[in-house]
Amino acid sequence: MNIIYPASILNNKKVDEMFEEEYLEARSLHSCFLLNNKLPDTTDKLLYRGWMLSEAEYKELENTRNVLIPFSEYESNHYFNGWYELIKEYTIESIVCSNVEEACKKFKESGWEQCFVKDAVKSLTTKRGSIVSSVEELKEVLSELDRVRNIERYIVLRKVVEL
């Protein structure tokens, strides 16, 4: 098995610190490579193990290497709408919206006191956070999310519930 790990943003010759322990252990059993360095010329299957890649990044990897997980499977696990319907009855109520205007309208219509805001993949991880209580806050979070990392595919509103 060949495993690809993300390289550190501080030194692309070292594995990302978050994966260091796993990488060192995996190297004792498998061939391991860093994504930011030259990947092996091999027809053997490669497994990507790391931070989420964008659609373009994963497709580039798939187009140049023999990846174990094809993009269609990666996509169904990576993007919200690929897994939500499968577990809908077991998870928090959610609404998918195509743009900011629709998200504001759907939030008002939901009657929810608060919602957690994300896109198809991630939420806002800045100090502001992703929980909103009003349309004004929703617009603020979506603006910040778009500024920090661009909204990917669509907007997801998830009802905030007490556990």
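Just above, that's the structure.
Thresholds applied
- Residues numbered from 1 in each chain as written.
- Predicted model: local features only at pLDDT ≥ 70, side-chain atom pairs only at ≥ 80, totals over all residues.
- Heavy atoms only, no water.
- Salt bridge = Lys/Arg side-chain N within 4 Å of Asp/Glu carboxyl O.
- Helix = DSSP H or I, 4+ residues; strand = E, 2+ residues; numbered from the N terminus.
- Buried < 20%, exposed > 50% of the residue type's maximum accessible area, 1.4 Å probe, protein only.
- Core = buried A, V, L, I, M, F, W, Y, C linked by side-chain atoms within 4.5 Å.
- Contact = heavy atoms within 4.5 Å.
- Lys, Arg positive; Asp, Glu negative; His and termini not counted.

Section: the pattern of salt bridges
Consideration 1: All told, the structure shown has six salt bridges when counted by the stated rule.
Consideration 2: Of the charged contacts in the structure, one is a salt bridge between Glu 55 and Arg 153, with a shortest N-O distance of 2.7 Å. Of this pair, Glu 55 sits in helix H2 (residues 55–64) while Arg 153 sits in the loop between helix H6 (135–149) and strand E7 (155–159); the two residues are 98 residues apart in sequence, bridging distant segments of the chain.
Consideration 3: On the basis of relative accessibility, which here comes to 36%, the residue Arg 153 falls in the partly exposed class.
Consideration 4: Here Lys 105 and Glu 109 are joined by a salt bridge, their closest N and O atoms 3.1 Å apart. Here the residue Lys 105 and the residue Glu 109 both occupy positions in helix H5 (residues 100–110), the gap between them amounting to four residues, near one helical turn.
Consideration 5: Linked through salt bridges whose partners overlap, the residues forming this network are Glu 55, Lys 59, Glu 75 and Arg 153.

Quick word on the nonpolar core
Consideration 1: Of all hydrophobic cores here, the largest spans 15 residues; its most connected members are Ala 103, Phe 107, Cys 115, Val 117, Leu 138, Ile 155 and Leu 157.
Consideration 2: When contributions to this core are tallied by element, the ones reaching two or more residues are strand E4 (94–97), H5, strand E5 (115–119), H6 and E7.
Consideration 3: It is H6 that contributes the most residues to this core, four residues altogether.
Consideration 4: Dropping the residues within four chain positions of it, Leu 138 is found in contact with Ala 103, Cys 104, Phe 107, Val 117, Val 132 and Leu 157.
Consideration 5: Judged by nonpolar contacts, the second largest core, of ten residues, contains Leu 39, Tyr 58, Val 67 and Tyr 74.

So, the side chain of Asp 16
Consideration 1: Looking at the secondary structure, you find Asp 16 in the loop between strand E1 (2–5) and helix H1 (20–27).
Consideration 2: Salt bridges are absent for the buried Asp 16, whose nearest opposite-charge side chain, Arg 49, sits at 10 Å.
Consideration 3: Setting aside chain neighbours within four positions, we find Asp 16 in contact with Pro 6, Ala 7, Ser 8 and Trp 51.

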